[in-house]
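Analysis of the macromolecular model
Residues per chain are reported as follows:
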Amino acid sequence: MQDYDVKVEKLKEMMAFYAKDNILVAFSGGADSGLILKMAQEAAEKTKSTVYGMFLHTMLHPAGEDERARKIADEIGVVFKVLKIDELQEADIEYNPEDRCYRCKKYLFQSILKEAQKLHAGVVMEGTNEDDLKVYRPGIRAVKDLGIISPLAEAGLTKEEVRRLAAEYGLSVSDKPATPCLATRFPYGTRLSKEALQRVEQGEAMLREQGFYNVRLRVHERIARIEVDSKDLQAAVDQRKEIINGLKKLGYTYVTLDLEGFRSGSMDIDVRALL
């Protein structure tokens, strides 16, 4: 395993090389892409290149993230762009196919590449880290197919190391919980409607207001299955009345607490078993 300092130095060298051209970063407003944006801007200051942070306003991501992303981009000092996309229809993923992530990522980054060409940005980057390579992430194949650069993964930085480095840079998003696309809350083959996605978003917002950090609301028809960090399971039980009332108001008939706790990709278990 490479030493943390070695990885960081490798990442800086990569950024210095890529900053010879204008850089466009697919910027979600999270720790991974936020760190890339910061380091790209740091390198570009020496080469006088331009760095763009492009936020994708999509159907499958929580509302309001664009303004938070804009604030971070302004703090870093890059040019902020927003690209609005309806990937449910345009990427043919309305019924949540098993290769949804590949189809979606391919469509999204094809759109980003078109924008990069308009902006004369010869380098396009995104925030996959080393840990992402070890789980079911079919979208990573689309990123590779399109020639998008994933500097964190190439340098070997894990999520923990990304957060550490982001904190060292003073980025306010260093401890921001991940906000993956809302389609991951539904079983494959489920129709993804705007209304169902909004209910999940509202439900998770309510749970975060109750003080939970990592939250996933997995939906199985009329059942809402709650995932929180293992250390917070007892707190969820203690607050069950408020949680049940809040989720039933959103239209869920049954409310359950997953005793395994929060885990990324829990909807992919059956798919991973076939790989």
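Quick note: structure is the one above.
Residues numbered from 1 in each chain as written. Predicted model: local features only at pLDDT ≥ 70, side-chain atom pairs only at ≥ 80, totals over all residues. Heavy atoms only, no water.

**So, the packing of helix H1 (residues 4–18) against helix H2 (residues 31–47)**
As a packed pair, H1 and H2 sit with axes 8 Å apart at the nearest point and diverge in direction by 60 degrees. When the axis of H1 is compared with that of H2, the two are oblique. In this structure, H1 crosses over H2, and the sense of that crossing is right-handed. Contacts between H1 and H2 involve Leu11, Lys12, Met15 and Ala16 on the former and, on the latter, Ile36, Met39, Ala40 and Ala43. (Axes fitted to C-alpha atoms, helices over the stretch in contact; angles between N-to-C directions. Helix = DSSP H or I, 4+ residues; strand = E, 2+ residues; numbered from the N terminus. Parallel < 35°, antiparallel > 145°, perpendicular 65-115°, else oblique. Left-handed = near helix turned anticlockwise from the far one by under 90°. Contact = heavy atoms within 4.5 Å.)

**Comments concerning the sheet that holds strand E7 (residues 254–257)**
Across the sheet, three strands lie side by side as E5-E6-E7; this open sheet has mixed pairing. The open sheet has two edge strands with one neighbour each: strand E5 (215–220) and E7. Averaged over all adjacent pairs, the angle separating strand axes in this sheet is 25 degrees, with direction ignored. Looking at chain direction, strand E6 (residues 223–228) and E7 are connected through four bridges and run parallel. Among the inter-strand pairings, isoleucine 223 is bridged to a residue of E7, identified as tyrosine 254. Where helix H9 (residues 194–209) meets the sheet, it contacts E5 and E6, and its direction lies at approximately 140 degrees from that of E5. Packed onto the sheet, helix H11 (residues 240–249) meets E5, E6 and E7 and runs at close to 135 degrees relative to E7. (Pairing = 2+ DSSP bridges.)

**Re the sheet that holds strand E3 (residues 79–84)**
The pairing of strands in a sheet happens through backbone hydrogen bonds and is either parallel or antiparallel. Taken in spatial order, the four strands make up an open sheet running E3-E2-E1-E4, and their pairing is parallel. For this open sheet the edge positions go to E3 and strand E4 (123–125), each flanked by a neighbour on one side alone. Pairwise comparison of adjacent strand axes, ignoring direction, gives a mean angle of 25 degrees for this sheet. As paired strands, strand E2 (residues 51–57) and E3 are joined by six bridges and run parallel to one another. Note that in E3 the partner of leucine 56 across the bridge is leucine 83. Along the sheet, H2 makes contact with strand E1 (23–26), E2 and E4, crossing E2 at roughly 160 degrees.

**Some words on the state of the cysteines**
By the definition in use, this model includes zero disulfides. Of the cysteine sulfurs around cysteine 101, a residue in no disulfide, the closest is that of cysteine 181, at 6.8 Å. Take cysteine 181: its relative accessible area is 17%, and that puts it in the buried class. (Disulfide = S-S within 2.5 Å. Buried < 20%, exposed > 50% of the residue type's maximum accessible area, 1.4 Å probe, protein only.)

**Quick notes on the pattern of salt bridges**
Evaluation of the coordinates by the stated rule reveals 20 salt bridges. Arginine 103 serves as the salt-bridge partner of aspartate 92, at 3.1 Å between the closest nitrogen and oxygen. In this pair, aspartate 92 is assigned in the loop between helix H4 (87–90) and helix H5 (100–118) and arginine 103 in helix H5, connecting sequence segments 11 residues apart. Using a relative accessible area of 53% as the deciding quantity, one classes aspartate 92 as exposed. (Salt bridge = Lys/Arg side-chain N within 4 Å of Asp/Glu carboxyl O.)

**Description of helix H3 (residues 65–76)**
An ideal rise of 1.5 Å per residue puts 16 Å on 12 residues; H3 measures up with 17 Å between its terminal C-alpha atoms. Those residues of H3 that fall on the buried side of the exposure criterion are Glu65, Asp66, Ala69, Ile72, Ala73 and Ile76. Looking straight down H3, one finds its buried side chains confined to an arc of 125 degrees; they lie on one side. Looking at H3, the residues exposed on the side facing more than 90 degrees away from the buried face are Lys71 and Asp74. On its buried side, H3 packs onto H2, E2 and E3. Immediately beyond the C-terminal end of H3, within one or two residues, lies glycine 77, with a positive phi of roughly 95 degrees. (Expected span 1.5 Å × (residues − 1). Arc of directions from axis to C-beta.)

**Here we look at the nonpolar core**
Judged by nonpolar contacts, the single largest core of 43 residues is most densely connected at Leu24, Leu60, Ile112 and Leu247. Taken together, the elements giving at least two residues each to this core come down to E1, E2, H5, H9, E5, E6, helix H10 (233–238) and H11. Not counting residues within four places of it along the chain, the set of residues in contact with leucine 24 comprises Tyr52, Met54, Ile112, Ala116, Leu119, Ala121, Val123, Val124 and Met125. Counting residues in each nonpolar core, the second largest holds 38 residues, with Tyr4, Ala19, Ala73 and Ile76 among its members. (Core = buried A, V, L, I, M, F, W, Y, C linked by side-chain atoms within 4.5 Å.)

**Here we look at the packing of aromatic side chains**
In total, this model carries one aromatic pair according to the counting rule given. Ring geometry for phenylalanine 17 against tyrosine 18: centres 5.4 Å apart, planes inclined by 70 degrees, an arrangement best described as edge-to-face. The side chain of arginine 141 reaches across the aromatic face of tyrosine 102, ending 4.0 Å from its centre. Sitting over the face of the ring of tyrosine 4, arginine 164 holds its NZ or CZ atom 3.6 Å from the ring centroid. (Phe/Tyr/Trp six-rings, centres within 6.5 Å; stacked < 30°, edge-to-face > 60°. Lys NZ or Arg CZ within 6 Å of the ring centre and 35° of its normal.)

**Re unusual backbone geometry**
In this structure, asparagine 96 is a non-glycine residue whose phi angle is positive, near 50 degrees. Here asparagine 96 shows up in the loop between H4 and H5. Phi at histidine 120 takes a positive value of approximately 60 degrees, unusual for a residue other than glycine. Structurally, the position occupied by histidine 120 is in the loop between H5 and E4. Judged by relative accessible area, histidine 120 falls into the exposed class, the value being 63%.

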